Structures are given as C-alpha cells and as structure tokens.
Amino acid sequence: MQHAVARSVVAHLVADPCFGDRAQLLVSAAGVDELPGHPEQLRAPLIARAAAIAITPVDAYTGLFNQDSVPGDVPQLCSQLAIICQDAIAEPAANLSSIDALAQLWPHVAGDERPALRRAFLTSLARRQQIDGASVSRAILREWQRDQPTLVSTQPSVAGLAGLLAEPTARDAYLALSVYLAPGIDLAMVFRVLGTLAVQELLRRHDPDGAIAGMVAGSVAGERLATRVAPEVMATLAAQFAHRLWWLRHRAGLKPVLTCLDSTVGPLGEAIASGDINQAQRAARVASQTGKFWDPVWNEVGRLVASGHPEWKRITTAAVAIAARQGPGGIAPDDAAALATVLCARGVTDRYRRPTPPCIVAS
C-alpha cells in the first residue's frame, strides 16, 4: 500500500469512532490497485464512495482493553487484538477482516493516531450483535473437544474439510474440523481451505446480505494473520469461523441458486448483465481460462461504485476478497464463477434479463 494513499485513508478514519465496514472498505480501496487486473482507476472513486458513508455517532469503548499498551509493530497489534477476539464472538469473519485491515494501515499511522484507531476497533467489537446459535464460545469448544479422542493430525484439504459443512449438528461439524487444528498444523492452509468452502457456498446459495462474501474476506484475513498470531489463538478463531460457515449453510435460510439446463456461453460482461446466474458462471469459468476475466469484472465493479448502486458495498467486498485469494497463475474457475454469481445476482439489473431456461435446484 502506497504511503500517501494510506495517509489519505487514515485521515478519513481518525474521526470515526467505530472501525467497522466503512473502515474496511477504505482500506480495501487503498490497496485495490495491487490486486489481479490492477484496477488503479477504481481506487479514487472507491475511496471517495467509502469516505462518503455517514459516520454513526456511537459511545466509544471504555473497557479494560483500552488500558492496554498500544502495540508498536504489526505482529504485536495482531496478537493483542486476536486474543481479544476469541471472546468477542458475534461476527468472527468481520473480526478477522478488521484486524487485517488495521494491520495494513498500522505502519502508516502516526503514534498519536494509534490509540484512537485501536479504540475504534474495540468499539466495533462491542457493537456487533450476536445472533442466537450463530457463534460459539471458547467454553463450548472446550466441552466439545473433551469428546474428541486423541487422533493423529491431518493436513487440511478441501476434500477432507468439505464434510464439516454436511454435518447435522454444530458439535459434529467442530469434531470434523478439530483433527485439522492439532499442534503443527498449517493454520494458514486451514483458513485457505475454509475460504474455498465459502467460495463454493457462494456458487450454490444466494447471499443477499453479503454474509458469505464476508466469510471469504475473513478467510483471506485469517491466512495472513496465521503467521503473526500464536497458533493456539488462531486455532480457536478458525473453529469459531468454521462454526459460522456451518451455521450459514444450515440455519441462515439462504436460498439455493437454481441450476439451468441451458449450456449457452457468451461474453462475460453480457452474461453478468443478463441476470442469468448460470450463464454468468459458465462465462466466468471460460474467461478464467482465457485470461479475459478481470477487465469486465473490474469495469462492472467500477460502474456500480460510480453509480452508488445499493449493493456496491457487498459487491466490492466480494470482489476484493476473491481477488486477494488468487496467485500469479490466474484465477481459479470456482472463484471466478462465484464472483460472477455475486455480480449477476444483485437486486437490480440495469440492462436486461434474458428468458430463464428450465431450472433445477442446485445440490
């Protein structure tokens, strides 16, 4: 992140008493030109749009954690905040994303600004509303762990971890995950795989409130934090994160995406504009293999941001999170199709909708 751009973002944040969605969008905007496709043209309008989000007056956090020393470097900051987040469990993905966003800014924040930003982070934790059953405490995790026999640790993989989302109860889902949380496990890879499972959920379920997209963003943050925070802390955060993903599959009432029998494949931009999710998914998979994915995607994101589309925040979060998951080899087909799904499934289609062919419910 360029220092001058980071400083412009900090200037928008120091007066905000809460380090929440607005802050995360500003940080994402500051680094957007470093993502695949390098959409530098998106940075200025995205910063302006995020900065224009109204600041909600709230009572600042006054608890004991605000009395702790303010960390001087990024690893200390991440460690301090991650330990706190083990018990501030209302929104585990948002917690991880907030820590990561603050960590990206920290080297560019002046010493006299750091207490205010750390306090804003603590305020955001205190304001997050817990949903019954959607979060799990450390005490419950310890209770479930007592039921788990001693097992040889297993390295995480999509095939191995996919089963946790199919488990009928939250306890069973945790037991399916726990073998991947033993000492010595690559916790960055655990978060990577959980992010892949979240991407697969985006392919199969409508995400009107951006909850699944937020999980993808949280998984990226978890990957980064795994190298900076003690393993026992990150293991707890991974378990809480996985529980929320399981809850979204089974308890959130998200409607499935219908799978159409048509196999038409056209240009990605036209497919997204059509409102036909299946066509957009197919076009995205093809574009991911031909190197023609990011230009139409960033153009569409830029258009929605510039117009102030009602869903620009959710769509930007998903686009940045999925882009951040990619390596130098290009975008994975599932990731491409998931992002096309988010772009195509927005509440208002601005151009046209093609007639929908016969459909079946996705499994």
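Scope of this entry: the structure provided in the associated data block. Bear in mind the structure is a predicted one, so any value in this text is a computation, not a measurement.

**Brief notes about the pattern of salt bridges**
(1) Moving on: What the rule picks out here adds up to 15 salt bridges.
(2) Moving on: Across the pair R224 and D100 runs a salt bridge whose closest N-O atoms are separated by 2.7 Å. Here the residue R224 occupies a position in helix 11 (residues 211–225), and D100 occupies one in helix 5 (residues 92–105), the gap between them amounting to 124 residues.
(3) Moving on: Judged by its relative accessible area of 37%, R224 falls in the partly exposed class.
(4) Moving on: A network of salt bridges, in which partner residues are shared, links E201, R204, R205 and R249.

**Observations concerning empty space enclosed by the protein**
If a probe as big as a water molecule is rolled over the atoms, it shows which places are left empty.
(1) Moving on: A complete count under the given rule lists 1 cavity of 30 Å³ or more for this structure.
(2) Moving on: Considering only enclosed or pocket space, the largest cavity measures out at about 60 Å³ in volume.
(3) Moving on: Elements that contribute at least two residues to the lining of the largest cavity include exactly helix 7 (138–146), helix 9 (170–178) and helix 12 (231–250).

**Regarding the environment of E34**
(1) Moving on: Structurally, E34 is set in the loop between helix 2 (21–30) and helix 3 (40–51).
(2) Moving on: Not counting chain neighbours up to four residues away, the residues in contact with E34 comprise M1 and Q2.
(3) Moving on: In this structure the side chain of E34 is engaged in a polar contact, spanning 2.7 Å, whose partner is the backbone nitrogen of M1.

**Focus on the packing of helix 11 against helix 12**
Pairs of packed helices are described in terms of their axes, by the angle between the two and the distance that separates them.
(1) Moving on: As a packed pair, helix 11 and helix 12 sit with axes 11 Å apart at the nearest point and diverge in direction by 165 degrees. By the angle between their axes, helix 11 is roughly antiparallel relative to helix 12. Between helix 11 and helix 12 the crossing geometry is left-handed. Along the contact surface, helix 11 presents A211, I212, M215, G218, S219, G222 and L225, while helix 12 presents M234, F241, R244, L245 and L248.
(2) Moving on: The class makeup of the residues in the contact of helix 11 with helix 12 is 8 nonpolar, 3 polar and 1 charged.

**Section: the side chain of T236**
(1) Moving on: By the secondary structure assignment, T236 is in helix 12.
(2) Moving on: Under the relative-accessibility criterion, T236 is labelled buried at 15%.
(3) Moving on: In terms of polar contacts, T236 uses its side chain to reach the backbone carbonyl oxygen of E232, at 3.2 Å.
(4) Moving on: Excluding residues within four positions of it along the chain, T236 makes contact with Q86, R138 and L141.

**Here we look at helix 9**
(1) Moving on: Among all positions in helix 9, only A170, A173, Y174, L175, L177 and S178 are buried.
(2) Moving on: On its buried face, helix 9 sits against helix 7, helix 8 (158–161), helix 10 (187–204) and helix 12.

**With respect to the layout of surface pockets**
(1) Moving on: Approximately 370 Å³ is the volume found for the second largest pocket.
(2) Moving on: Surrounding the second largest pocket, 19 residues form its lining, L181, P231, E232, A235 and T236 being those nearest its centre.
(3) Moving on: Among the elements of the structure, helix 7, helix 9 and helix 12 are those that each provide at least two residues to the lining of the second largest pocket.
(4) Moving on: No other element matches helix 12, which puts 5 residues into the lining of the second largest pocket.

**As for helix 2**
(1) Moving on: Helix 2 sits mainly inside the fold: 8 of its 10 residues count as buried.
(2) Moving on: Buried within helix 2 are the following residues: R22, A23, Q24, L25, L26, V27, A29 and A30.
(3) Moving on: Along its buried surface, helix 2 packs onto helix 1 (3–13), helix 3, helix 5 and helix 16 (312–324).

**Examining the packing of aromatic side chains**
(1) Moving on: Tallied over the full model, the rule gives 4 aromatic pairs.
(2) Moving on: For the pair W144 and Y174, a centre-to-centre distance of 5.9 Å together with 35 degrees between the ring planes defines the contact as tilted. Here W144, found in helix 7, pairs with Y174, found in helix 9; they are 30 residues apart in sequence, far enough to count as distant.
(3) Moving on: Judged by its relative accessible area of 13%, W144 is buried.
(4) Moving on: Classification of Y174 as buried rests on a relative accessible area of 10%.
(5) Moving on: Where F191 meets F241, the ring centres are 5.8 Å apart and the plane angle is 70 degrees; that geometry is what we call edge-to-face. Separated by 50 residues along the polypeptide, F191 in helix 10 and F241 in helix 12 bring together distant segments of the chain. Across this residue pair, the class does not change: F191 and F241 are buried.
(6) Moving on: Members of the aromatic cluster, joined through ring pairs, are F293, W294 and W298.
(7) Moving on: When the ring centre of W247 is taken as origin, the NZ or CZ atom of R244, which lies over that ring, is 5.8 Å away.

About the cut-offs
Residues numbered from 1 in each chain as written. Predicted model: local features only at pLDDT ≥ 70, side-chain atom pairs only at ≥ 80, totals over all residues. Heavy atoms only, no water. Salt bridge = Lys/Arg side-chain N within 4 Å of Asp/Glu carboxyl O. Helix = DSSP H or I, 4+ residues; strand = E, 2+ residues; numbered from the N terminus. Buried < 20%, exposed > 50% of the residue type's maximum accessible area, 1.4 Å probe, protein only. 1 Å grid on protein atoms, 1.4 Å probe; cavity = no way out; pocket = protein on both sides within 12 Å on 5 of 7 lines; lining within 4 Å. Points joined across faces, edges and corners; volume = space filled by probe spheres on them. Contact = heavy atoms within 4.5 Å. Polar contact = N/O pair within 3.5 Å; in protein donor to acceptor, adjacent residues only side chain to side chain. Axes fitted to C-alpha atoms, helices over the stretch in contact; angles between N-to-C directions. Parallel < 35°, antiparallel > 145°, perpendicular 65-115°, else oblique. Left-handed = near helix turned anticlockwise from the far one by under 90°. Nonpolar A, V, L, I, M, F, W, Y, C, P; charged D, E, K, R; others polar. Phe/Tyr/Trp six-rings, centres within 6.5 Å; stacked < 30°, edge-to-face > 60°. Lys NZ or Arg CZ within 6 Å of the ring centre and 35° of its normal.

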